[in-house]
Amino acid sequence: MYRMVVVDDEYIVVEGIKAMIRRQNPDYEVVGWAYDGIHALEVIREQNPDLVITDIRIPGLDGLSLVETAREFCPDTVFIVISGYTEFEYARRALALGVRGYIDKPVSMDKLDTVLKRFEREQSRSREENDSFFSKKRREHEELEKLFDKSIRSITAGEEDEFHKCADSSVEKMKELYKDLSDFRRELYKYLCVISDILIENKSQISRESLVSFKEMEKQQTIQEVCSYGERVISDISKHIAADKTGSSHRVILELLEYINEHYHEDIGLNELADRVKMSTAYLSVLFKTEVGTSYVKYLTDLRVRQAKKLLKEGYKVHEVSGMVGYSNYRYFCDIFKKHEGVTPNEYKGKIWGKS
């Protein structure tokens, strides 16, 4: 029996998946569900499920941040992502975060069965084989993740030679990882879409359709043909890359930092910030880390904990501070605070007031 958690901000989607599992998949049990990322994290922590199916766009903590955080305490949990067909910005990070499947909306019985059967095939391997297999795959995925990051950073920096080198290496690494034609074609297409979108952020006059085409990719019927198509797209992107030293990106980040510092106690996700400055979430994520030196999630968490410490020193109660710094879930706030400071909020407050 496989234990599953379902996460989606739409009640009907959650109930639909639960109903499909009950009717057609007796080997699965839905042990928990949630409609936002914060609650989902709590459910996953409590249930430690074998499998999580989550929408990529959920309030509180978006799907990718949920996967990234949950992996810290549920490293063996398998994640499957639900997403709109054109949302490929998650692909750059998903490989290294344990995401094993993708369901495009609307979710149907056939689509659900397809990803669950793939999940079952992986789980059917012996424990010894799994340990060796996943350890090797995880290392390879981490290598691919680093190449993805370098590819994207080189685009934003306008470094044509570096981009071409990283992109070519990424294609070779994907070819090693995905021996099946359809898998390789799918993963390479997602990667090409991501790097195309990053380029378009800098050069709005270019359209994705002029760079990469799903129909053209589907026409490639051998691994070598897929590689050749990818090389053509990478070559076209290389030709468009040029360094831009205007400092406009820096000004955007400064504007966002000011906004975050004023609204840190509100529910502000990376998706909302991206919409605010008319950027894709993937591009803003890379730009933020490049300019600030840390991820958006970590920056917001550090800011909230610093503010929480100030409020605790001023005598506010822990449950009051939790809400004042943006955590509606008291237990989650305490977990975050302890992980950050090494003590619970109550212990921290006790130390402070014990000295007075």
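This write-up is about the structure you can find in this document. For clarity, every value in this text was computed on a predicted model and none was experimentally measured.

## Looking at the overall build of the protein chain
What the protein chain contains, in helices and strands, is 17 helices and five strands. Within the span of the protein chain, comprising 356 residues, buried residues form 48% of the whole. Summarising the internal contacts of the protein chain: among those between residues at least 6 apart in sequence, 66% fall at separations of at least 24. Counting every atom, the protein chain has about 17700 Å² of accessible surface; 48% of that belongs to carbon and sulfur.

## Focus on the sheet that holds strand β4 (residues 78-83)
The five strands are arranged β2-β1-β3-β4-β5 in an open sheet whose pairing can be described as parallel. The two strands at the open ends of the sheet, each matched to only one other strand, are β2 (28-34) and β5 (99-104). The mean inter-strand angle of the sheet, taken between neighbouring strand axes irrespective of direction, is 20 degrees. In this sheet, β2 lies alongside strand β1 (residues 2-7) in parallel orientation, the contact comprising six bridges. By the bridge assignment for β2, R3 is matched with E29.

## Details of the packing of aromatic side chains
As enumerated under the stated definition, the model contains 12 aromatic pairs in all. Geometrically, the ring pair formed by Y2 and Y28 is tilted, given 5.3 Å between the ring centres and 40 degrees between the ring planes. Within this pair, whereas Y2 is found in strand β1, its partner Y28 is found in strand β2, the two being separated by 26 residues in sequence. Residue classification places Y2 among the partly exposed positions, given a relative accessible area of 22%. Owing to a relative accessible area of 6%, Y28 belongs among the buried residues under this scheme. Between the aromatic rings of Y2 and F119, the centroid separation amounts to 5.0 Å while the plane-to-plane angle is 70 degrees, which identifies the pairing as edge-to-face. Linking Y2 in strand β1 with F119 in helix α5 (residues 109-123), this pair joins segments that are 117 residues apart in sequence. Through a chain of ring-to-ring contacts, three or more aromatic side chains come together here, namely Y327, Y332, F333, F337 and Y348. Directly above the ring of W33 sits K18, whose terminal nitrogen or CZ lies 3.3 Å from the centroid.

## Observations regarding a negative patch on the surface
A cluster of acidic residues, E266, D267, E272 and D275, forms a negative patch on the protein surface. Summarising the element assignment, E272 is placed in helix α12 (residues 270-276). A relative accessible area of 33% means that E272 is categorised as partly exposed.

## Some details on unusual backbone geometry
Of note in this structure, N48 is not a glycine but carries a positive phi near 45 degrees. Take N48: it is sitting in the loop between α2 (37-47) and β3 (51-55).

## Focus on α2
For α2, every residue scored as buried is listed here: G37, I38, A40, L41, V43 and I44. Two or three places before I38, at the start of α2, stands the capping residue D36, its side-chain oxygen 3.0 Å from that residue's backbone nitrogen.

The rules behind these values
- Residues numbered from 1 in each chain as written.
- Predicted model: local features only at pLDDT ≥ 70, side-chain atom pairs only at ≥ 80, totals over all residues.
- Heavy atoms only, no water.
- Helix = DSSP H or I, 4+ residues; strand = E, 2+ residues; numbered from the N terminus.
- Buried < 20%, exposed > 50% of the residue type's maximum accessible area, 1.4 Å probe, protein only.
- Contact = heavy atoms within 4.5 Å.
- Areas by Shrake-Rupley, 256 points an atom, 1.4 Å probe, with all protein chains shown as cover.
- Pairing = 2+ DSSP bridges.
- Axes fitted to C-alpha atoms, helices over the stretch in contact; angles between N-to-C directions.
- Phe/Tyr/Trp six-rings, centres within 6.5 Å; stacked < 30°, edge-to-face > 60°.
- Lys NZ or Arg CZ within 6 Å of the ring centre and 35° of its normal.
- Patch = residues over 30% accessible without salt bridge, like charges linked within 9 Å, V, L, I, M, F, W, Y side chains within 5 Å.
- Salt bridge = Lys/Arg side-chain N within 4 Å of Asp/Glu carboxyl O.
- Lys, Arg positive; Asp, Glu negative; His and termini not counted.
- Charge placed at Lys NZ, Arg CZ, Asp CG, Glu CD.
- Polar contact = N/O pair within 3.5 Å; in protein donor to acceptor, adjacent residues only side chain to side chain.

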